Amino acid sequence: MTTSATSGTGPTENSMRRALKRARDGVALDVTEAAVLLQARGADLEDLAASAARVRDAGLEAAGRPHVITYSKSVFVPLTRLCRDKCHYCTFVTVPGKLRRAGHGMFLSPDEVLDIARKGAALGCKEALITLGDKPEDRWPEAREWLDAHGYDDTIAYVRAISIRILEETGLLPHLNPGVMSWTDFQRLKPVAPSMGMMLETTATRLWSEPGGPHHGSPDKEPAVRLRVLEDAGRSSVPFTSGILIGIGETYEERAESLFALRKVARAYHGLQELIIQNFRAKPDTAMRAAPDAELDELVATVAVARHLMGPSACLQAPPNLVEDAHERLIGAGIDDWGGVSPLTIDHVNPERPWPEIERLAERSRAAGFELRERLCVYPEFVRRGEPWLDPRLLPHLRALADPETGLARPDAVVEGHPWQEPDEVFRPSGRTDLHRSIDTEGRTGDRRDDFDEVYGDWEALREAAAPGMAPERIDTDVREALRTAADDPTRLTDDQALALLHADGPALDALCAVADDVRRSVVGDEVTYIVTRNINFTNVCYTGCRFCAFAQRRTDADAYTLSLDQVADRAQQAWEVGAVEVCMQGGIHPDLPGTAYFDIARAVKERVPGMHVHAFSPMEVVNGATRTGLSIREWLTAAKEAGLDTIPGTAAEILDDEVRWVLTKGKLPAATWIEVVTTAHELGIRSSSTMMYGHVDQPRHWLGHLRTLARIQQRTGGFTEFVTLPFVHTNAPVYLAGIARPGPTMRDNRAVTAMARLLLHPHIPHIQTSWVKLGAEGAAEMLRSGADDLGGTLMEETISRMAGSSYGSYKSVQDLIAVAEAAGRPARPRTTLYGEVPEERRRTAAASDGHLPELLPVLED
């Protein structure tokens, strides 16, 4: 069917009767059935609405607020009406000349914003709805000039800054609608706003791509771009509002497809707090001024179908100012919310449609059997969920306004500003601070967290997403010819040849490893290097939701811990006393840690042990630090270097292919952001390692792409010190326990990856490191025969792989590492982080202690 949503023949009587029965019976609908139901009219529409209302009522009963319909008392803040898009129905957006002639600035000034917010607070409003055009500085020089003159790098920086002032000076809660946002934008804004939003509008690409379409010429209205925003919001655990705009030229099938796309996002991330069904109303002075309005029956049918598709727990809204006096019909079709309603400001997007008075809205709701109750901009379910959906810095602001039992707005709440600040006593030691030792004796408390079924997203959706990566490719390239090329000049290997070699097995694999070992010998010689180092994982509290990680814990979990600064410094000092030249420090993304905490950690080590090399903070931690401080990545890294940071680990890379990353991780940084962090670090003189974790939901084509990416970065920056192979440890990994990932790589995989890393990174990255923690001594020795030349570190403590189920212990002595090298028939020598010579004093100290901590070293106390 391709029936227009405004004209054409309708569905057959039989198809409507069948679809209605399936809806009444609670049977899952498909796109075709949903499109049929969108055309229900008359008695059929009454039938559809009634069954949808029953679904809604069941959800409200389960949520503990039966017969309650909600709204948010808000002020509308049009931060800027400039936009780089050209939607054909929009009157909100204007141009710089019109603003100047009206005596307005390119943006509302902070004083203008705060004046609106203060007046709203005096009237009892609790939400500041901040709406603006998409990236106006990309189109309008005047917008760029305004931002520059006021000290903001971009519009998002101003949104963040004004949100903090609203929180501190008025007490209103910002709900942010800045249009299309990147993953990094979400990290920047999440600490200053409990909720955000962006309408999907439609997934009908033709309405964007074809001349004359309502979104033609608007880069931010491409459906794929907007769906990516919704997914990034879910990955970032941001309570998010979205919805569709009906009647802009889409077909019924396209409208149904849009609803299914929203349902898919909601199921995958559980972060879609509200779905708006908005009806198109034509406006004068727009390209679509002559287009017909979406009829009321269209809106009612779409609400009802949305309720059936989204289910009882979804929150559905229809704007009350766009339907005249038909509020009871919308309630009867399944909505449970009226959205933001302002006693002060107009609806700047629909200025010709005034808000209904709140008392009038309450009367209309009562007439339909519902009590009108005020909520906050963030929905009650997310208020009650707390972490990771709400940043700790927002909690005092929310607690001042929210009823702790219901999550709704407190009727007696005083709306006043509160400081926006970091939590107190961030580095108070807590939890299982002896985990670095007891993990080897007592183990972890359980194999999984008790929120396993919720925290990682929808496992069924992930199985579908992972399926393509689990299917091996057929390789037809001649392996013998590829081996000849590799032996002659590895830099000449084509992608097809490299893929063939990554699939090699049997004698071909033996030949590949021999070629890689020859290249290794010609580049770095026979010496196997190692470093006397100590891992210090300063906290394992983390809410990012990486599905491969068994290290992360909630703050209330039995195995959770956080070290104090003194404990971190003590461990660094202990490592120095047994010959270490480096500490490697990484931790979970603890919601209480301010962005400056990383500076404090580096400084604490340098003050205690000035000669210790600080190798610390993964790219994910760098982004976390930068977004929490409001600094750019470059500014944050510069400050970290001044605090004592020497190099960064190139972890958090996993696989640099977002197809795989979004199965492995829920909220970790995208591949492009990882690349931005390491290249920026290299430009600042901060070198890094590089890594690849493989053997989960990936295939050799992903390994090839990853290695090619690293080679390109190294050719550009020269900043990588080595490449580290990280075989996936599956035992306690959530993605494995859910039955999605493979049980780690095979020995064939390990040999092929090590050998091909040597060949594909040649001559750009000379050092290839193997992981004894993940492979054991025998496995590491085999990798030394397959192209590797480095064994990594003594570690002294290791909790990340051990929590995942690695059985190879937490440390190796110097003699242990020398023995691994000898098993491969090679000599060994110590190195520094940058592969330099170790000072004689450090060599002697390490030899005296054998590079590990004394058996009777006391466990650090709180």
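So, how was this worked out
- The numbers attached to residues start from 1 for each chain and follow its sequence in the written order.
- Totals for whole chains, interfaces and linings use every residue, but because this is a predicted model, local features are given only for residues with pLDDT of at least 70 and side-chain atom pairs only at 80 or more, for both listing and counting.
- As a convention, hydrogens and water are excluded, and side-chain values are obtained from all of the structure's heavy atoms.
- Numbering of helices and strands starts at the N terminus; helices are DSSP runs of H or I of at least 4 residues and strands are runs of E of at least 2.
- This radius of gyration counts C-alpha atoms alone. The globule rule is 2.2 Å times how many residues there are, raised to the power 0.38.
- Whether a residue is buried, partly exposed or exposed follows from its accessible area with a 1.4 Å probe, protein chains only, as a fraction of its type maximum: under 20%, in between, or over 50%, in that order.
- Contacts are residue-level and defined by heavy atoms, with any inter-residue pair within 4.5 Å sufficient.
- Only the protein chains shown count as covering a residue, and every accessible area follows the Shrake-Rupley method with a 1.4 Å probe.
- A residue counts as positive if it is Lys or Arg and as negative if it is Asp or Glu; His and the chain ends are not included.
- To locate a charge, the coordinates of NZ of Lys, CZ of Arg, CG of Asp or CD of Glu are taken.
- The working definition used for a salt bridge is a side-chain nitrogen of Lys or Arg within 4 Å of a carboxyl oxygen of Asp or Glu.
- For this text, the term disulfide refers to a pair of cysteine sulfurs within 2.5 Å.
- Axis definition: a line fit to C-alpha positions, over the contact stretch in the case of helices; interaxial angles, taken between N-to-C directions, run 0 to 180 degrees.
- In these notes the angle categories are as follows: under 35 degrees is roughly parallel, over 145 is roughly antiparallel, 65 to 115 is roughly perpendicular, and the rest is oblique.
- Put simply, a crossing is left-handed when the front helix is turned counterclockwise from the back one by less than a right angle, and right-handed when it is turned clockwise.
- Any residue outside Ala, Val, Leu, Ile, Met, Phe, Trp, Tyr, Cys, Pro, Asp, Glu, Lys and Arg is labelled polar, Gly included; the first ten of those are nonpolar and the last four are charged.
- Two strands form a pair only when DSSP identifies at least two bridges running between them.
- If the strands point away from the viewer and the path from the first strand over the helix to the second runs clockwise, then the crossover is right-handed.
- Pairing of aromatic rings covers Phe, Tyr and the six-membered ring of Trp, with a centre-to-centre limit of 6.5 Å; geometry is then stacked below 30 degrees between planes, edge-to-face above 60, and tilted otherwise.
- Whether a charge lies above a ring is judged from NZ of Lys or CZ of Arg, which has to be within 6 Å of the ring centre and within 35 degrees of the ring normal.
- The quantity known as pLDDT measures the predictor's confidence residue by residue, on a range of 0 to 100.
- Take the number of residues in a helix, subtract one, and multiply by 1.5 Å to get its expected span.
- Joining through side-chain atoms within 4.5 Å is the link that ties buried Ala, Val, Leu, Ile, Met, Phe, Trp, Tyr and Cys residues into a set, and such a set is a nonpolar core.

In this section: the overall build of the chain. Of the regular secondary structure elements, the chain holds 35 helices and 20 strands. For 862 residues, the compact-globule estimate of 2.2 N^0.38 gives 29 Å, and the chain sits close to it at 29 Å. The C-alpha extent of the chain, read off along each of the three principal axes, is 85 × 60 × 55 Å. In the chain, buried positions account for 63% of the 862 residues. Pairs at least 24 residues apart make up 78% of the contacts formed inside the chain by residues separated by at least 6 positions. In the structure as shown, the chain presents an accessible area of about 31,200 Å², 50% of it carried by carbon and sulfur atoms. Looking at the chain, you have 97 positive and 125 negative side-chain charges, and the mean spots of the two groups are 2 Å apart.

To continue, consider the pattern of salt bridges. One pass over the full model with this rule turns up 66 salt bridges. Between Asp57 and Arg56 there is a salt bridge, with its nearest N and O atoms 2.7 Å apart. Accessibility expressed as a relative area gives 29% for Asp57, which makes it partly exposed. The network of salt bridges with shared partners includes Asp517, Asp518, Arg520, Arg521 and Asp526.

Below, the discussion takes up the state of the cysteines. Applying the stated criterion to the full structure yields zero disulfides. Cys125 carries a free sulfur, and the closest cysteine sulfur to it, the one in Cys377, is 12 Å from it.

Turning our attention to the environment of Phe599. Relative to the assigned elements, Phe599 resides in helix α24 (residues 597-608). Sequence separation between Phe599 and Leu395 is 204 residues; the distance between their C-alpha atoms is 25 Å.

All right, on to the packing of helix α22 (residues 506-524) against helix α31 (residues 747-760) then. Between α22 and α31, the least distance of the axes is 9 Å, while the angle of their chain directions is 40 degrees. Taken together, α22 and α31 sit at an angle that is classed as oblique. In this structure, α22 meets α31 at a crossing whose hand is left-handed. Residues Leu509, Asp510, Leu512, Cys513, Val515, Ala516, Val519, Arg520, Val523 and Val524 of α22 form the contact with α31, whose participating residues are Arg748, Arg751, Ala752, Ala755, Met756, Arg758 and Leu759. A class-by-class count of the residues in the contact of α22 with α31 yields 12 nonpolar, no polar and five charged.

What follows concerns the pairing of strand β15 (residues 613-616). Going residue by residue along β15, you find His613 and His615 tucked away on one face and Val614 and Ala616 tucked away on the opposite face as well. Pairing of strand β14 (residues 582-586) with β15, which is carried by four bridges, proceeds in the parallel orientation. Bridge pairing links Cys584 to His615 in β15. With α24 bridging β14 and its parallel neighbour β15, the resulting β-α-β unit is right-handed.

Time to look at the packing of aromatic side chains. Both the distance between ring centres and the angle between the ring planes are used here to describe each pair of aromatic rings. Applying the stated rule across the entire model yields 16 aromatic pairs. Each ring, one from Tyr152 and one from Tyr158, has its centre 4.9 Å from the other, and the planes form 40 degrees; the classification is tilted. For Tyr158, a relative accessible area of 0% corresponds to the buried category. These aromatic residues form a ring-pair network of at least three members: Phe538, Tyr598, Phe599, Phe617 and Trp636. Taking the ring centre of Trp389 as reference, the NZ or CZ of Arg385 above it sits at 5.1 Å. A cation over a ring is seen here: Arg831 above Tyr835, with NZ or CZ 4.1 Å from the ring centre.

This part is about the pairing of β14. Extensive coverage of β14 is indicated by the burial of five of its five residues. Here β14 shows two buried faces, one formed by Glu582, Cys584 and Gln586 and the other by Val583 and Met585. Summarising the sheet, strand β12 (residues 533-537) and β14 pair through five bridges and their orientation is parallel. Note on β14: the bridge partner recorded for Ile536 is Met585.

Turning to the packing of helix α21 (residues 495-502) against helix α29 (residues 700-717), a few remarks are in order. Packing of α21 against α29 leaves a shortest axis separation of 9 Å and a crossing angle of 125 degrees. Looking at the two axes, α21 sits oblique to α29. Judged by the twist between their axes, the crossing of α21 over α29 is right-handed. Contacts between α21 and α29 involve Asp495, Ala498, Leu499 and Leu502 on the former and, on the latter, Pro700, Arg701, Trp703, Leu704 and Arg708. Counted by class, the contact of α21 with α29 contains six nonpolar, no polar and three charged residues.

What follows deals with the sheet that holds β12. Across the sheet, which stays open at both edges, the three strands sit in the order β12-β14-β15 with parallel pairing between neighbours. Only two strands of the sheet have a single neighbouring strand rather than two, namely β12 and β15. Shown here is a sheet whose adjacent strand axes are inclined to one another by a mean of 25 degrees, direction ignored.

Here we come to unusual backbone geometry. The general pattern is negative phi for most residues beyond glycine and trans for most peptide bonds. That bond from Glu387 to Pro388 is cis: its omega, 5 degrees, falls within 30 degrees of zero. Among the secondary structure elements, Pro388 is positioned in the loop between α15 (380-385) and α16 (395-399). In the segment running from His762 into Pro763, the intervening peptide bond is cis, with an omega of 0 degrees.

So, on to the confidence of the model for the chain. Caution applies to low-pLDDT parts of the model: their predicted coordinates are not meant to be read in detail. Put simply, the chain has an average pLDDT of 90, and 91% of its residues get 70 or more. pLDDT under 50 marks residues 856-862. Its contacts with residues more than four places away, or in other chains, come to 13 contacts.

This paragraph deals with α22. Taking 1.5 Å as the rise per residue, α22 with 19 residues should run 27 Å; its terminal C-alpha atoms sit 27 Å apart, in good agreement. The set of residues buried in α22 consists of Leu509, Leu512, Cys513, Val515, Ala516, Asp517, Val519 and Arg520. Of the surrounding elements, those touching the buried residues of α22 are α20 (479-488), α21, α31 and α32 (772-784). Looking one or two residues beyond α22, the residue adopting positive phi is Gly525, at roughly 80 degrees.

Now for helix α3 (residues 43-63). Under the 1.5 Å per step criterion, the end-to-end length of α3 is 30 Å for 21 residues, consistent within 8% with the ideal 30 Å. Three or more residues of α3 are buried, namely Leu45, Leu48, Ala49, Ser51, Ala52, Ala53, Arg56, Gly59 and Leu60. On its buried face, α3 is in contact with α1 (13-24), α2 (31-37), β1 (68-80), α12 (296-310) and α13 (327-333). Immediately downstream of α3, the backbone of Gly64 shows phi near 85 degrees, a positive value.

Let us now look at the nonpolar core. One finds Leu37, Leu48, Tyr158, Phe240, Leu330 and Trp338 to be the most contacted residues of the largest nonpolar core, which totals 128 residues. Those residues within four positions of Leu37 in sequence are excluded, and the remaining contacts are Met16, Ala19, Leu20, Ala23, Leu29, Leu48, Ala301 and Val305. Ranked by size, the runner-up nonpolar core spans 123 residues in total, among them Tyr598, Leu656, Val663 and Trp674.

Turning next to the environment of Arg235. Note on placement: Arg235 falls in helix α10 (residues 223-235). Separated by 52 residues in sequence, Arg235 and Trp183 place their C-alpha atoms 8.3 Å apart. In contact with Arg235, other than residues within four places in its own chain, are Tyr269, Thr544, Trp662, Lys666 and Gly667.

A separate point is the side chain of Lys666. Position of Lys666 relative to the elements: it lies in the loop between α27 (658-664) and α28 (671-683). Note on Lys666: relative accessible area 4%, which makes it buried.

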